Amino acid sequence: MTPPDLATAVAAAAGGAPAAPIRAALVGNPNSGKTAMFNALTGSRQKVANYAGVTVERKEGHLIAPDGRRISILDLPGTYSLRARSPDEVVTRDAVLGRLAGETPPDVVVLIADATNLRLVMRLALELRDVGRPAVLALNMIDIATRQGLEIDATRLAIELSMPVVTTVATRKRGIDELVIQIEAQAANSATAPADTWTEPSAAALRALHREAERILKACVLPPRRPDTFTGKLDSVLLHPVAGIGVLLVVLFLMFQAVFAWAAPLMDLSNAGFEALGAVMGNLMPDGLLKSLITDGIIAGVGSVVVFLPQIVILFLFIILLEDFGYMARAAFLLDKIMGGAGLHGRAFIPLLSSFACAIPGIMATRVIDNKRDRLTTILVAPLMTCSARIPVYTLIISAFIPRQQVWGVLSLQGLIFFGLYAAGLISALVVAWLVRKVFWRGAAEPFLMELPAYKIPDPMNVARNVLQRAQIFLQRAGTIILSMMILIWFLCTFPGAPAGAVGPAIDYSFAGMIGHAIQPVLAPIGFNWQMSVALIPGMAAREVAVGALGTVYAVAGADTSVLGASLAHQWSLASALAFLAWYVFAPQCASTLGVVKRETNSWRWPIIMFCYMTGLAYVASLIVYQTAVAMGAG
Amino acid sequence: MDPVRRIADTDLDGPLETITLVSLADGRRGFSGYIASVDAHAPVPGGLAAHELERRLLEMGFVEGARIEILHEGFIGRDPICVKLDDMRVALRRRDARGVMVRPDAAQ
Ligand SMILES: Nc1nc2c(ncn2[C@@H]2O[C@H](COP(=O)(O)OP(=O)(O)OP(=O)(O)O)[C@@H](O)[C@H]2O)c(=O)[nH]1
């Protein structure tokens with residue numbers, strides 16, 4: 001029997017039918033401890049999905065009250081006001097007001113407040129009071145408030161706000177029982193809640209609410225006797241124009257190292273594991289289509305999902321630690337001017353930096369950006385950053401075509417080209433972001449208006465839970481789409497099989513071969529021969545697969561890429577090789593990235609836009625490179 | 001609300017005409033005072049409509065009578081700024097702070 005069944009049975013045995021389940025929704029300012037409260041209430045009984053039609057995450061969980069009643073808890077995006085300013089906040093407002101299509105209105109609204117920072121949440125509490133739905137106020141972080149010697153008259157506060165007030169410590173699970181009792185008590189009033197008559201408050205109404213909040217605060221709260229001075233002291237270093245930037249660079253460098261280098265052994269391990277598994281299966285099974293499907297399609301496909309996991313876990317560990325500590329907002333403050341110049345939000349630096357390792361964790365990390373447009377712009381440019389999967393391709397071509405010589409006596413020409421490719425990716429990302437801002441989303445640039453929360457030591461359990469949740473979301477949602485794309489690519493490269501007695505590699509006879517041959521005329525102006533064109537199709541699996549794919553079409557077997565390099569050096573002109581490099585700077589040669597964009601934006605529109613603009617850029621860049629090189633005699 | 005009333009609202013002492021208000025956007029590090037008025041008359045170029053910005057500022061706690069002090073400035077062009085607003089810390093860009101008028105402390 002699962003716990004809910006058990007609870008229902010107990011309630012039934014106690015005489016009396018089990019009472020109908022209660023629906024509660026959590027509302028609160030950002031950084032009030034809402035996520036911690038959600039975890040404290042529901043433990044691991046949670047489910048993350050998306051709201052219909054929007055990219056906003058829907059987190060729901062449930063608990064069983066001591067009397068056996070089931071309470072489902074909906075965690076709503078953090079907000080300062082019911083007057084929504086972002087898609088996330090629209091969800092919060094509509095859920096609270098019961099306007100959200102496909103959602104039953106909550107019986108009780110639970111307002112989570114940071115007890116040490118009540119000013120803004122007081123106004124939200126008044127807004128909720130005026131809406132008239134049953135509500136409970138949880139004064140969270142009461143441990144910190146007590147340490148600071150802050151005194152809150154909870155009884156008076158409850159009268160002023162006409163809602164019960166409980167004190168809680170979400171991270172220590174203190175006060176949760178009392179909160180549950182109050183939720184149950186308030187749920188009884190939900191039938192008599194007034195109809196929804198809410199309208200947007202005007203500036204004058206906001207001022208009035210502020211004055212009312214101020215009066216209540218004066219009446220109920222004595223200022224802290226030992227206010228937090230730690231945050232101020234730390235800020236004078238971390239926000240210092242010189243020291244602050246220094247610390248930021250160290251943090252960024254560590255994060256980059258972690259995602260780039262620390263994840264590598266784990267990724268290699270996972271790659272080797274899946275290759276070994278593929279080899280074992282290959283030996284066990286007779287040759288044929290089924291073997292190919294299992295080893296080349298499914299095992300390789302699952303492997304290509306799992307290989308991202310170390311990077312995702314490490315990246316989110318950093319993000320969640322920095323977020324919980326309170327540093328994320330500071331970093332955004334320090335970088336706002338630079339990122340803002342390209343039309344990006346200060347917080348976009350995390351996704352972009354991560355994208356140097358891999359665009360997949362980078363795109364998943366765009367969640368740190370609240371504003372939808374800022375987030376979409378960042379998603380669109382993230383794949384332009386030079387990810388680690390491009391390195392094998394760059395290495396192959398550069399070592400085969402660029403002579404090992406020194407420039408100005410000190411710099412290696414090969415290294416210089418390598419650096420140039422990185423720079424091209426970075427600069428084009430900033431330019432594209434700027435263009436998107438200027439051309440498509442002219443007008444309403446969001447103001448940068450952000451609370452800098454007090455520093456807090458992150459709670460290890462909370463961090464672990466959130467990191468695991470991210471990993472799970474990745475495997476469940478991004479994983480399925482990546483896997484299906486991998487199987488599709490396998491299918492294209494395998495069917496139809498080569499006819500009996502065929503010469504040349506089998507891929508040449510497959511759909512992938514046909515597509516490659518069909519697009520070759522279009523690619524001729526950029527110097528691609530049919531082998532290169534065919535290799536682009538399996539190369540959609542991941543950028544580094546292009547190396548293997550070229551090996552396949554040129555029928556150069558073996559793991560040693562220098563053989564392949566030598567063979568390419570024979571068959572390609574320098575101009576074609578340079579055009580191929582330029583192509584790989586820009587082209588969307590990664591089905592997984594497109595799949596993740598689809599998942600994160602909840603529509604095919606954005607991956608299609610991304611595919612088109614990146615292909616266009618790649619084509620133009622390769623065309624310029626190829627034609628220039630030919631004109632200079634490298635054709 | 002007309003400007004005179006708004007100033008009167010914040011219980012400032014002294015004759016009205018001697019009060020010089022300084023925009024938060026022009027303050028330097030260490031600048032402090034009380035907010036005398038918040039209204040974004042002029043829309044920010046490329047930004048939000050004025051009335052929307054005003055409401056956002058109000059929602060963040062930039063209200064008449066609030067205590068304000070500039071704690072930190074960005075390193076390029078001293079932008080954005082980090083202010084202490086009553087007992088919380090808020091970061092914003094100078095261009096969005098234009099409409100926040102402050103009555104500076106006497107020492108300044
Ligand atoms: N000391 C203490 N820390 C808490 C308490 N509740 C939450 N925290 C910490 O406060 C920080 C923010 O908590 P979150 O749960 O992430 O806050 P949130 O409201 O979900 O924040 P957003 O995700 O930005 O909306 C984390 O470091 C938590 O560990 C509490 O009751 N006491």
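Residues numbered from 1 in each chain as written. Chains lettered and ligands numbered in written order. Predicted model: local features only at pLDDT ≥ 70, side-chain atom pairs only at ≥ 80, totals over all residues. Heavy atoms only, no water.

1. Quick notes on a nonpolar patch on the surface
Residues and elements named next belong to chain A.
Reasoning step 1: On the surface, Leu426, Ile427, Leu430, Val431, Trp434, Leu435, Val439 and Phe440 cluster together to form a nonpolar patch covering roughly 740 Å² of accessible area.
Reasoning step 2: Looking at where Leu426 falls in the secondary structure, it is placed in helix α18 (residues 413-440).
Reasoning step 3: Judged by its relative accessible area of 34%, Leu426 falls in the partly exposed class. (Patch = residues over 30% accessible without salt bridge, like charges linked within 9 Å, V, L, I, M, F, W, Y side chains within 5 Å. Areas by Shrake-Rupley, 256 points an atom, 1.4 Å probe, with all protein chains shown as cover. Salt bridge = Lys/Arg side-chain N within 4 Å of Asp/Glu carboxyl O. Helix = DSSP H or I, 4+ residues; strand = E, 2+ residues; numbered from the N terminus. Buried < 20%, exposed > 50% of the residue type's maximum accessible area, 1.4 Å probe, protein only.)

2. Observations regarding the side chain of Asp96 of chain B
Reasoning step 1: When you line up the elements, Asp96 of chain B lands in helix α3 (residues 94-97).
Reasoning step 2: Within the structure, Asp96 of chain B has its side chain in polar contact with the backbone nitrogen of Phe448 of chain A (distance 3.5 Å). (Polar contact = N/O pair within 3.5 Å; in protein donor to acceptor, adjacent residues only side chain to side chain.)

3. A look at unusual backbone geometry
Residue and element names in this part refer to chain B.
Reasoning step 1: With an omega dihedral of -10 degrees, the bond running from Asp79 to Pro80 counts as a cis peptide bond.
Reasoning step 2: Checked against the element boundaries, Pro80 lands in strand β4 (residues 79-85).
Reasoning step 3: Even without glycine at this site, Asp86 takes up a positive phi of about 50 degrees.
Reasoning step 4: Summarising the element assignment, Asp86 is placed in the loop between β4 and β5 (88-92).

4. A few points about the site of the ligand
Residue and element names in this part refer to chain A.
Reasoning step 1: Taken together, 19 residues sit near the ligand, with Lys34, Thr35, Ala36, Asp143 and Ala170 positioned nearest.
Reasoning step 2: Between the ligand and Met141 there is a distance of 3.2 Å, counted from an oxygen atom to a backbone nitrogen or oxygen.
Reasoning step 3: In this structure, Ala170 approaches the ligand through a main-chain N or O atom, which is 2.9 Å from an oxygen atom.
Reasoning step 4: Contact with the protein chains hides 86% of the accessible area of the ligand, taken as 650 Å² for the molecule alone. (Near = heavy atom within 4 Å.)

5. Examining the environment of Glu151 of chain A
All names here are of chain A.
Reasoning step 1: Relative to the helices and strands, Glu151 resides in strand β7 (residues 151-152).
Reasoning step 2: For Glu151, a relative accessible area of 39% corresponds to the partly exposed category.
Reasoning step 3: Separated by 299 residues in the primary sequence, Glu151 and Met450 have C-alpha atoms spaced 27 Å apart.
Reasoning step 4: Not counting residues up to four positions away in its chain, the partners in contact with Glu151 are Cys220, Val221, Leu222 and Arg225. (Contact = heavy atoms within 4.5 Å.)

6. Considering the pairing of strand β5 (residues 108-114) of chain A
Side-chain positions along a regular strand alternate between the two faces of the sheet.
Residues and elements named next belong to chain A.
Reasoning step 1: Burial of β5 is extensive: 7 of the 7 residues sit out of reach of the surface.
Reasoning step 2: Burial along β5 is two-sided: the residues Val108, Val110, Ile112 and Asp114 and Val109, Leu111 and Ala113 are all buried.
Reasoning step 3: Bridge analysis of strand β1 (residues 22-28) against β5 gives 5 bridges, and the strand direction is parallel. Directly across from Gly28, in β5, lies its bridge partner Ile112.
Reasoning step 4: Sheet topology note: the β5/strand β6 (residues 135-140) ladder contains 6 bridges and is parallel. Bridge pairing in β6 places Asp114 opposite Asn140. (Pairing = 2+ DSSP bridges.)

7. Brief notes about the interface of chain A and chain B
Interface size is often expressed as the accessible area that is lost when the parts come together.
Reasoning step 1: Taken together, the contact between chain A and chain B spans 41 residues of the former and 38 residues of the latter.
Reasoning step 2: On the surface where chain A and chain B come into contact, there are 9 salt bridges.
Reasoning step 3: Among the ionic pairs, Arg207 of chain A bridges to Glu54 of chain B, the shortest N-O distance being 3.0 Å.
Reasoning step 4: Run the count over chain A and chain B and you get 15 residue pairs in polar contact (both at pLDDT 80 or more).
Reasoning step 5: Taken together, the elements giving at least two residues each to the side of chain A that touches chain B come down to α4 (119-131), α8 (203-220), α9 (230-238), α13 (327-341) and β12 (449-452) of chain A.
Reasoning step 6: The biggest single contributor to the side of chain A that touches chain B is α13 of chain A, with 6 residues.
Reasoning step 7: Residues that form the side of chain A that touches chain B fall into these classes: 20 nonpolar, 7 polar and 14 charged.
Reasoning step 8: One ladder, built from 4 bridges, connects β12 of chain A with β5 of chain B; its direction is antiparallel. Looking across to β5 of chain B, one finds that Leu449 of chain A is bridged to Leu92 of chain B. (Nonpolar A, V, L, I, M, F, W, Y, C, P; charged D, E, K, R; others polar.)

8. A word on the nonpolar core
Reasoning step 1: With 129 residues, the main nonpolar core has Leu550, Trp572 and Phe580 of chain A as its most contacted residues.
Reasoning step 2: Trp572 of chain A has contacts with Ile397, Phe401, Asn529, Met532, Leu550, Tyr554, Ala577 and Phe580 of chain A, leaving out every residue within four places of it along the chain. (Core = buried A, V, L, I, M, F, W, Y, C linked by side-chain atoms within 4.5 Å.)

9. Quick word on the packing of α8 of chain A against helix α2 (residues 50-59) of chain B
Reasoning step 1: Two elements in contact, α8 of chain A and α2 of chain B, have axes separated by 10 Å at closest approach and are oriented at 10 degrees. Viewed along their axes, α8 of chain A and α2 of chain B adopt a mutual orientation that is roughly parallel. Here Ala203, Leu206, Arg207 and His210 of chain A of α8 of chain A come into contact with α2 of chain B, specifically with Glu54, Arg55, Leu58 and Glu59 of chain B.
Reasoning step 2: Of the residues that constitute the contact of α8 of chain A with α2 of chain B, the class distribution is 3 nonpolar, 1 polar and 4 charged. (Axes fitted to C-alpha atoms, helices over the stretch in contact; angles between N-to-C directions. Parallel < 35°, antiparallel > 145°, perpendicular 65-115°, else oblique.)

Function cannot be read off these values alone, since they describe shape.
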